[in-house]
Amino acid sequence: MTGPSRIGGSAGESLPFAFAGRRLQGKAGDSIASALLANGIVTIGRSFKYRRPRGILSAGEDEPNAIVDVTLDGVRVPNVRATTQALQAGMEISPVLGRGAAFLTRVLSPFIASGFYYKTFLWPHWHLFEPAIRRMAGLGRVDPASRMTAAAGGSLSVDLCVVGGGRSGLCAAITGARRGQKVLLVDRQDSLGGSSLWRGEGCADLVAEVQALGAMVWTGATAFGAYENGRLGVHRQGEGLASGGSLWVVQTGEVVLATGAMERPLLFERNDLPGVMLADAALHYLRRHGVLCGSRPVIATNNDSAYPVALALAGAGAQVMVVDSRPASARSKAVNGVRVITGACIARALGRGRVSAVELDSGQRIACDLLAVSGGWTPTLHLCCQAGGKAVWDEDRVILVPAFPVPWISLTGRVAGDWAAPDDLPWEWAVAPEIPSSGATRKIWVDLQNDVTLGDVELAARENFTSVEHLKRYTTLGMATDQGKSANLLGAAAMAQATGRRATDLGLTTYRPPYAPVPMAALAGLSRGALQSPLRRLAAEPAHRAMGAHFRDYGGLLRPAFYGTDESSIAAECIAARQGAVVFDASSLGKVAVMGPRAGELLDFLFAGRMSNLAPGRVRYGLTLNEAGIVTDDGVVLCLGPEHFLVSCSSSHVGGFVASAEEWRQTRFGRDQVFIHDRTAQWATMSLSGPTSKAVLAGLGMVATLDDQAFPHMSFVMGQFMGKPARVARVSFTGERGYEISVPSGLAVPLWQALIAAGAAPLGIEALGWLRAEKGFLYVGQDTDGETMPHDLGFDAPRLKRKQGFVGDRALQLPVAGDAERKQLVGLARADGGLIPTGAHLVEGSPRRSIGFVTSSHLSPTLGRGIALALVEGGRARIGAEATWFDLGQTGRATVTPACAYDPEGGRLHV
Amino acid sequence: MTNPMIKPGPMICPFCGPRDASEFRYGGDPSVARPGFGCSDADWAGYLYVRENPRGLAREYWVHSQGCGQWLVAERDTVTHLVLRVTEATP
Amino acid sequence: MTAPVPGIEHRYSALRLFREGLRGQRGWTPAWRSPEPRRRYDAVIIGGGGHGLSAAWHLAKDHGITDVLVIEKAWLGGGNTGRNTTIIRSNYFHRESQVIYDASLKIYEGLSRELNYNIMFSQRGNIELAHAPSEMEGMRRVVNAMQVAGIESSLLTRDDVLAMVPLLDPSPYCRWPVFGGMIQRRAGVARHDAVAWGYARAADGMGVDIVQNCAVNGFRIEGGRVRAVETSHGVIEASVFGMAVAGASPELARLAGFRLPLLCMTLQAMVSEPLKPCLHHVVASTPNSAYVSQSDKGELVIGGGLEPVPSYARRGDLAKTREVLASVVEMFPAFSTLRLMRQWGGTVDTSPDNSPILGPSPLTNLYLNCGWGTGGFKAIPIGGKMLAHLMATGRHHDLSAPFGLERFATGRLIDEAHAGVAHD
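Residues numbered from 1 in each chain as written. Chains lettered and ligands numbered in written order. Predicted model: local features only at pLDDT ≥ 70, side-chain atom pairs only at ≥ 80, totals over all residues.

1. Side note on helix 21 (residues 765–775) of chain A
In an α-helix there are 3.6 residues to a turn, and that puts residues three or four apart on one side. Residues and elements named next belong to chain A. We count it as follows: Labels follow a simple rule on C-beta atoms placed from the backbone: if 20 or more others lie within 10 Å of a residue's own, it is buried; if 12 or fewer, it is exposed; otherwise it is partly exposed. A run of H or I in DSSP becomes a helix once it reaches four residues, and a run of E becomes a strand once it reaches two; helices and strands are each numbered from the N terminus. We call two residues in contact if the C-beta atoms placed from their backbones are at most 7 Å apart.
A large share of helix 21 lies buried, amounting to 11 of its 11 residues. Packing partners of the buried residues in helix 21 comprise strand 32 (549–554), strand 33 (557–563), helix 16 (569–579), strand 34 (582–585), strand 47 (849–860) and strand 48 (865–873). Phi turns positive, to about 75°, at G776, one or two residues after helix 21.

2. Examining the interface of chain A and chain C
Using the following cut-off: Classes in brief: Ala, Val, Leu, Ile, Met, Phe, Trp, Tyr, Cys and Pro nonpolar; Asp, Glu, Lys and Arg charged; the others, Gly included, polar. At least two DSSP bridges between two strands are needed for those strands to be called paired.
Contacts between the two partners involve 89 residues from chain A, matched on the other side by 75 residues from chain C. With 6 residues, helix 3 (residues 126–136) of chain A is the largest single contributor of residues to the side of chain A that touches chain C. Of the residues belonging to the side of chain A that touches chain C, the class tally is 41 nonpolar, 26 polar and 22 charged. Strand direction decides the pairing type here: strand 31 (residues 518–519) of chain A and strand 16 (residues 339–350) of chain C, joined by 2 bridges, are antiparallel. Counted as the bridge partner of P519(A) is R339(C) from strand 16 of chain C.

3. Here's the deal with the confidence of the model for chain C
Residue and element names in this part refer to chain C. The line we're drawing: Per residue, pLDDT captures the predictor's confidence, and it can take any value from 0 to 100.
Averaged over all residues, the pLDDT of chain C equals 95, while 96% of them reach at least 70. Considering only residues more than four positions removed or in separate chains, one finds that residues 420–424, a stretch of pLDDT under 50, has 23 contacts. The ipTM for the predicted assembly is 0.96, set against a pTM of 0.96.

4. A word on the packing of helix 2 (residues 50–63) of chain C against helix 6 (residues 192–205) of chain C
Residue and element names in this part refer to chain C. Spelled out, the test is: The angle between two axes is taken between their N-to-C directions and runs from 0 to 180 degrees, where each axis is a line fitted to C-alpha atoms and a helix contributes only its stretch in contact. Note that the term roughly parallel is reserved for angles under 35 degrees, roughly antiparallel for angles over 145, roughly perpendicular for angles of 65 to 115, and oblique for everything else. For any pair of crossing helices, the crossing counts as left-handed if the nearer helix is rotated counterclockwise from the farther one by less than a right angle, and right-handed if it is rotated clockwise.
Running from N to C, helix 2 and helix 6 point in directions that differ by 30°, and their axes come no closer than 9 Å. One way to sum up the angle between helix 2 and helix 6 is to call them roughly parallel. At the point where helix 2 passes helix 6, the crossing takes the left-handed sense. Of the residues in helix 6, those touching helix 2 at G50, L53, S54, A56, W57 and A60 are V195, A196, Y199, A200, A202 and A203. Of the residues in the contact of helix 2 with helix 6, the class split is 10 nonpolar, 2 polar and no charged.

5. As for the sheet that holds strand 5 (residues 154–157) of chain C
Within the open sheet, the 9 strands sit side by side as 31(A)-16(C)-12(C)-15(C)-14(C)-13(C)-4(C)-6(C)-5(C). Their pairing is mixed. The open sheet has two edge strands, strand 31 of chain A together with strand 5 of chain C, and neither has a second partner. Sheet topology note: the strand 5 of chain C/strand 6 (residues 180–184) of chain C ladder contains 4 bridges and is antiparallel. From the neighbouring strand, L156(C) faces strand 6 of chain C, where its bridge partner is G181(C).

6. What to know about the domain arrangement of chain A
Put simply, the test is: An automatic or database domain assignment supplies the start and end points of every domain.
For chain A, the assigned domains are domain 1 (5–111), domain 2 (148–262 + 377–428 + 522–534), domain 3 (541–588 + 682–763), domain 4 (592–678) and domain 5 (806–910). Between domain 2 of chain A and domain 3 of chain A, the C-alpha centre-to-centre distance is 59 Å.

7. Quick word on the packing of helix 11 (residues 454–462) of chain A against helix 13 (residues 488–498) of chain A
Residues and elements named next belong to chain A. For the pair helix 11 and helix 13, interaxial distance at closest approach is 9 Å and the crossing angle is 50°. By the angle class used here, helix 11 and helix 13 are oblique. Along this stretch, helix 11 crosses helix 13, giving a crossing that reads as right-handed. Taken together, the residues of helix 13 that come into contact with helix 11 (itself represented by L454, V457, E458 and A461) are G491, A494, M495 and A498. Of the residues in the contact of helix 11 with helix 13, the class split is 6 nonpolar, 1 polar and 1 charged.

Rendered as structure tokens:
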């Protein structure tokens, strides 16, 4: 009994690695699996549920058992598939599952069939059992400190994408390239040639032709998903373990699948023993890695594809025995030097911890150190089925086929059921799965990774979980990391047999992307850190930083919160605004031009208030609504001239306003009647405010006159700054006299510096929030919610005067708009001057009922007490009354006040 | 059913030509007409909220939001997501 | 001990598992029968997902109506019941939502025993992350609303969150810094399929007939009443009908001659490969529209926001998958070493206010349960109970009264989309 060993390929660099603490040597070109086999390691780990020893079954993505955690250069990657991961020097490899409580699970195994957990753990409570079950479950361990990177991927458009670089795929690529198509050939392996690399002599001639024709070739790339409109998701492997590789979206006109077929295992007792391997995998390890997986192999098959394997293993010096379930044939007689038993099946595998013999259904026992199995082939239809092809069993051709043609996907080669005979003999490779009809079905594994046995399938049938989807969900068959590549068809066939259905009734569960697991790092791609939802920034950011601004993210916009090291500077900024002059960078405020013969008409439609009669040079405040009558934004409109307006909406609503305006423009008013141009980014705006603001502005000499008669509140004038046009509007966000100065955005920094030099102090957005709250100026979205209508904010005219002709007009006449308990915006004040936190509720009755909530609140430095804005049911009628507030268990009393707590007469505007 | 012969591909903007689907945003149901101010509450609710929403071929507003910004009318299958025809939206 | 589940002959128990283990699992019987439907029933429920099966069980249990047929066009629980991310919570803002979702959560707490079926409701706690001070204010508004309504919920500081979810990026300079959060400790996850199967088994035990692979092709309507449904298994009459067919509600309504204010869209979900326990809570980031929990099997279950396009495709788009995973990996940098194992989509009925439609339809004896949007799973127990109440009495239950179809004409929406947190 020698087991696997390396017999060839002595060339190549030696790569040291460790497995489960053992120091070993592999060779360049090895996969982890081939390196382990070359070192004679057969048992890779333990199974998920019963903790049974398991070995390497396959040589590809269908591997259910050989899942390992790998650490290299301090980065640990869990759940690495040993069969597809290239070995690298220094890898520390450990099985994901150890023995655990193997003895206990062996004792328990008769009682923990599929779905047992649905039937127990009810008393005293599931919470008592769950932690232990959680600890038992799961595969690899995530390392908190490890990170995987990704390379830049992208989009690519081709006429033809061929998936699979074997002989058929290469031919398809050549045909396409000769037709003049832009061709991309994608193959998961490092070299082109597909299975000819181990079943034949390679395809060097075809590879050379593909390259000569200029087709694009991606090796080490997996097309993992077929998406809408002819797009494929393709993952290209990275260099090394810690690289997640790159993600590509390939827009194709046409896809040819040349993805081949995957070999199915055979079902017999203890078919999960280490040393049981797919026949094709045994050939793969021999031809690709010089590893002979056993010196005395038994090859069990129900089709002809295992015969070349038998010959190759025998040619490498192994003593081969073939067990063929079919009667003798020309092929079974034509294998020289290999013993063949026909008409016999494997009844069970024997051995302690690994296979050492097989027992045939005749009772005959044959010693062996490898049991290579071939149970037939399942075409790799994944991408076709993801695109709606739906796999069904074709009884005539005894193979899985797509039920519906997908117009943009065609199949070629083995995936289409075509596999040319390697010689002149009859070549039978497409066969139906064979399901044992007797025996200890609880010892026959269908899904190796999830430990689902034939007995579990029978149990599911007995309990009426007979749909393949129920079978999958009840037994977990096909839900492991291999996604049932070797198990799904066998499971469905077993269910068909258990329920007396024909193989043609046999459907499969939905094929879902990805075809093979894809690193999350690759899927996230470069959308990480600062490149994820990139923040928008202000043109004057360097000037703010120079003044010690503390920046925060406000809805995706990075803005100065306050100037100083901590929030204590906010109060000082507020006082400066009330006593002197402050400047606030308001550049993100919208500046949306609306022009054309129907410009005024469009604005009248967009605002709940007339704008078309605004005179040039004047400014007007307004609210916008949606068609449900809900306030979506507020802003001011400037009339720049005849048929030319500028809408200044709030920073976070610019995109929404423009989108909505464009929709109505194009679908209601006409593209040639009105034009919308978002100039927000072209203009920087500094908002100067405070009792001495006029003097500060005068120092800049930007405009001809600052006389209040010629330049009243809610008007604007044009001037100049550094030789460029400047627009100065008299509006106020603070309640003080205010000027909003807009200049081309390239002048943002000089304007800011000029205003500071002229005596204005910087004002951050936090202080602005306090100042406007003192005035009862609302922030739409903070002081309103998804129910707020204009009259809830004191704008009664649109509803009461039944105004019409604007977005949301009719909704203001709905019953809900007249409800007495509508929430209205009011202020709150505590007798002790204390703060009521934002988010506190107002409550009444017993049991307590919420009648509203605090939307903004601050300790006002101006007034020396807490102020609050709140949306309160029937709020305006409650002004002067007391109310109870509730915050995280605390309660207190407050008086309902008007929203405006500071200078209600508005005299400060003119100081 | 959708004509199975229709080839897949990117969305074709009548202003910009074939562009990646990610550049477009769904814009609503063009069959919905805005009723007059004198309509009933139920009519307004229908205008606001009730959509054709067919399973299969649908006529929909789309916007080339990451491109030319134009509003378009697309004929699209809501099951396969194949787009059959795109024209510009007009009032 | 609770009373035995009425009608279930073969109770599940540890003792029975033991006995069956000794005799090779050969004594189990079908969890539900698959009878051919009869021509007439007292009540017919269209839709064999969680809501429909729960309604059948409540018709039998609460109202003594056992001559009931549940019609499922494919396989039980194959719609959104078997496609969601299994989050159960009641952290809503509006009173109407709070009481109905919390009633549902309370039923869930006792459901395993009531159905004699372990649905594995695991109250791991649901944490919503705040990434900015303004988000903390919004959460305070929701937490206070819940506390006033008597529903457990609390605010978490940044340190609280990082202690509970140690794999979150603790850096204040990352794209989504943790500023704090809120938690509902009674919230959690359950085994979604088991909810459908548990209800199916219990309803079947009370005499309810369940037919799978049976499509409704039309309604026979007389005088504003449904007399019968035309199905692929023949014409079936009943006195009263209910529909609970999320993702197909507009289609079914069209067959019945009316329209609903719903839009069908795709919501996708995905899982990583299984891992040893590394995440205890359900963690959600509302501004990112991403949420993640770890199943008992070890997979990270990840969801995101809707794909805002009308669709019946039942499959998610790659762009959305990538957007969601990018957010998750940015918040949990160690998850960059994991792999996406499986990704899928479901078709959800979205209503204008993110709240369900429960109540009478324009046809006098057909009642609606639809419009749950992305959050129907958590409401299965109460949604079924409400539909059963409507079908049995012809009147609203107090809990369902605010959710009738008429609210769209009055404008009295229950807008959770713009109030509380809306995810899963």
